[in-house]
Amino acid sequence: MHVPDGFLDVPTSIATGALAAGAVGVSLQRANREIRETGPALAGLTAAFVFAVQMVNFPVGAGTSGHLLGGALAAALVGPWTGVLVMTVVLLVQGLLFADGGLTALGTNITLMGVVTVVVGYVVTRAALTVLPRRIGSVVPSAATGALLSVPLSALAFTGLYAAGGSVDIPLGKLAATMVGWHLLIGIGEAVITAAVLGAVVATRPDLVYAARHLRQDLVLVDEQGRTSTVAPDRPVPAVRPAGRSLSYGLAITLLIAGVLSLFASAHPDGLEFVGEKLGFGGSAKDSATAGSPFADYGVSWIGNEQLAGALAGILGVLVTIGVGLAVAKLSSLRKANRAERESEPSGA
Amino acid sequence: VTGHPAEGLYVSTGSPLHRLPAQVKLVALTAFVLCVVATPATAFWAFGVYAVGLAGLITIAKLPPATVLRRLTVELPFVVFALLLPFVATGPRIEVLGVAMSEGGLIGGWNVLAKGTLGVLAAVLLSASTTPRELLTGLERLRLPAVLVAILSFMIRYVSVVSGDLQRMRIARESRGAPAGRTGQLRAVATGAGALFVRSYERGERVHLAMLARGYTGTMPALGHTGATGSDWARGMTVPLAALLVTITARFLR
């Protein structure tokens, strides 16, 4: 369904180009936090996945075959904002590297196959999820419905664009009926594949399905005294602290290591790891929205309990420092270094 | 899709067109196609001029004609549409070879066919003379948002890996005697695709952690210094400027 050059007139092409640019801009802004956390590699690999799956054709009937558009699937798996970016990148690669879809029709193609399918897919999926029972399995029929509707609605949008910028007068009702009818068939294939793919993902890694994040069960945490508490797993947990703080932190540690005190520096990470393990946050981070990266639980133990972490790491640091400090105190040349270390201790913890 | 997925349609010939910076080619060819699209469909001679111009560029780029022609198949669905137009369009009818056809539909079909073909030729010219890496640099130079460039670069880098995964899973499935029926195959393919997504996602996570471990701070280092010089732009923009001249002439002669 890649629209070629010249199919729509210049004003329509430019208008859809502006629309696509706007949608991508908004998506970039809204996906910014996710992408900062998970990195562009993840979105890039999702795009590679959509691209690879699009190469698999399925029979539609009458000897023709369709292939997955993937908009609804991407929206359910990685969310609408990242989904729009993923589809945009797929279409950019197809248009610029494979001559699939015209250069001037790039905006039209991104609007139709990137934005419309993702938005329709996601909105329908979420709407269906509010009706269906609150189970993670509900995401499969919901996304299938979204996929089923996303293809004919994209075709309907195409008809609308043709009405605005098409070169020939053809009966629009007939065109719309043909386009929607034909793409409903493709939509069924899209729905079947989307449901099966999502079913497989839900079976193995339900935490990866963006559209069902809010359906995950609360985590039950049990502490040493046997008290239990529940934690919502979908509470946004930034895996990486804002750049400023982690930078100054890294700077402090780097300075310590780089300086004369590299001998004692090992006291710091030990304290941090100890705190992280003691507070047992690894478990919650593993099932969190940002998935189980070691970085995630590192971040949680830090942010959630800064004071406690600071105190414990501080005490440890001081103890170790005193021990080692006594040993090295004999060497009078290190007195200056000792003072520098005591000064940097609060900020280091 | 022909060729290696990571290479696109690239054909290495080392022609002057290949050496032109990617951002110049991107802007020039897009502007050229924009001129083509803006040309009235009835100015038949103009499309002849465009076609000759593109053929000249393809010759300069030393591209094998077979490769270029093979790529034209991507517009087949729209060729069908263009061929149907004379029969479904409304408006006055004229007799062609004893068959009543819509005059507007005939011109409209020609319009779609001519502009679409010229557009695909221009896109083939771009993709066959530019490596994915150069294209990324070009897009970066044209101020495409850095995040999008980064996602794009990862996609290009990993699309062959993911396609390879898909291929291996298919071979593994078939060598284990996967159901051959249509529905069974669909289910097997879809389940495999689900597993492929989990694999791709987890690979993305690993790549990101590896990047963080190597000091990634949120922006990629510059891909290289491939700024276009004034003479690059001057040479590149002759094509769309000539096309613009043809477009204006065609519009006035109407």
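When helices and strands are tallied, chain A shows 13 helices and four strands. Expressed as a percentage of the 349 residues in chain A, the buried residues total 52%. Across chain A, every contact between residues at least 6 apart in sequence was considered, and the portion connecting residues at least 24 apart equals 72%. Accessible area for chain A stands at about 15,400 Å²; split by element, carbon and sulfur atoms hold 65% of it.

What follows covers the environment of Ile35 of chain A. Assignment of secondary structure puts Ile35 of chain A in helix H1 (residues 10–38). A sequence separation of 47 residues divides Ile35 of chain A from Thr82 of chain A, and the C-alpha atoms of the two residues are 8.0 Å apart. Among residues more than four places away in sequence, those in contact with Ile35 of chain A are Pro40 and Leu85 of chain A together with Val147 and Ile151 of chain B.

To continue, consider the side chain of His208 of chain B. Of note, His208 of chain B is situated in helix H9 (residues 182–213). Accessibility expressed as a relative area gives 5% for His208 of chain B, which makes it buried. Those residues in contact with His208 of chain B that sit more than four places away from it in its chain are Arg36, Glu37, Thr38, Gly39 and Ala41 of chain A together with Tyr216 of chain B.

In a soluble, globular protein the nonpolar side chains are often hidden away together inside. Ranked by size, the top nonpolar core spans 125 residues in total, and within it Phe49 and Leu77 of chain A together with Tyr50, Leu125 and Met155 of chain B carry the most contacts. If you tally residues by element for this core, the top one is helix H8 (residues 146–175) of chain B, at 12 residues. If we ignore the near neighbours within four places in the chain, the residues touching Phe49 of chain A are Leu73, Leu77 and Val197 of chain A together with Val162, Ala193, Leu196, Phe197 and Ser200 of chain B.

Moving on to the pairing of strand S3 (residues 219–222) of chain A. Sheet analysis places S3 of chain A next to strand S4 (residues 228–231) of chain A, joined by four bridges and oriented antiparallel. Counted as the bridge partner of Val220 of chain A is Thr230 of chain A from S4 of chain A.

All names here are of chain B. Per the stated rule, a full pass over the model turns up eight salt bridges over all chains. Of the charged contacts, one joins Asp165 and Arg203 as a salt bridge, the two residues approaching to 3.2 Å between their closest N and O atoms. A residue pair is termed long-range when its members are at least 10 positions apart, and Asp165 in helix H8 and Arg203 in helix H9 qualify at 38 residues. Connected through salt bridges with shared partners, the residues Asp165, Arg168, Arg199 and Arg203 form a single ionic network.

On to the interface of chain A and chain B, then. Often, the extent of an interface is quoted as the loss of accessible area upon association of its parts. Chain A puts 70 residues into the contact, and the matching count from chain B is 74 residues. Overall, the association of chain A and chain B removes approximately 6,000 Å² of surface from exposure, summing both partners, and the carbon and sulfur fraction of that is 83%. Looking at the side of chain A facing chain B, the largest losses of area belong to Leu45, Leu97 and Phe98 of chain A, adding up to 12% of the total buried there. The tally of links from chain A across to chain B stands at one salt bridge. Residue Arg205 of chain A is joined to Glu202 of chain B by a salt bridge in which the shortest nitrogen-to-oxygen separation is 2.3 Å. For the pair chain A and chain B, the interface holds four residue pairs in polar contact (both at pLDDT 80 or more). Listing elements by their share of the side of chain A that touches chain B, those giving two or more residues are H1, helix H2 (40–54), strand S1 (57–61), helix H3 (71–78), helix H4 (80–97), helix H6 (139–165), helix H7 (172–204) and helix H11 (294–304) of chain A. Looking at side-chain class alone, the side of chain A that touches chain B contains 52 nonpolar, 11 polar and seven charged residues.

Residue and element names in this part refer to chain A. Closest axis-to-axis distance for the helix H5 (residues 106–131)/H6 pair is 7 Å, and the angle between their directions is 145°. Relative to H6, the crossing made by H5 is right-handed. Residues Thr108, Leu112, Val116, Thr117, Val120, Gly121, Val124, Thr125, Ala128 and Leu129 of H5 touch H6, and the partners they reach there are Val139, Ser142, Ala143, Thr145, Gly146, Leu149, Ser150, Leu153, Ser154, Ala157, Phe158 and Leu161. Residues belonging to the contact of H5 with H6 are distributed by class as follows: 13 nonpolar, nine polar and no charged.

Residue and element names in this part refer to chain A. Chain-level statistics for chain A give a pLDDT mean of 73 and a share of 62% at 70 or above. Ranking the elements of chain A by mean pLDDT puts H11 last with 39 and H5 first with 93. Counting contacts from residues 256–307, a segment whose pLDDT is below 50, to residues more than four positions away or on other chains yields 75 contacts.

Turning to H8 of chain B, a few remarks are in order. Counted at 1.5 Å a residue, the expected span for H8 of chain B with its 30 residues is 44 Å, and the 43 Å between its end C-alpha atoms agrees. With its phi angle positive at about 75°, Gly177 of chain B sits one or two positions after the end of H8 of chain B.

Calculation notes
Residues numbered from 1 in each chain as written. Chains lettered and ligands numbered in written order. Predicted model: local features only at pLDDT ≥ 70, side-chain atom pairs only at ≥ 80, totals over all residues. Heavy atoms only, no water. Helix = DSSP H or I, 4+ residues; strand = E, 2+ residues; numbered from the N terminus. Buried < 20%, exposed > 50% of the residue type's maximum accessible area, 1.4 Å probe, protein only. Contact = heavy atoms within 4.5 Å. Areas by Shrake-Rupley, 256 points an atom, 1.4 Å probe, with all protein chains shown as cover. Core = buried A, V, L, I, M, F, W, Y, C linked by side-chain atoms within 4.5 Å. Pairing = 2+ DSSP bridges. Salt bridge = Lys/Arg side-chain N within 4 Å of Asp/Glu carboxyl O. Buried area = accessible area lost by both parts, 1.4 Å probe. Polar contact = N/O pair within 3.5 Å; in protein donor to acceptor, adjacent residues only side chain to side chain. Nonpolar A, V, L, I, M, F, W, Y, C, P; charged D, E, K, R; others polar. Axes fitted to C-alpha atoms, helices over the stretch in contact; angles between N-to-C directions. Left-handed = near helix turned anticlockwise from the far one by under 90°. pLDDT = per-residue confidence, 0-100. Expected span 1.5 Å × (residues − 1).

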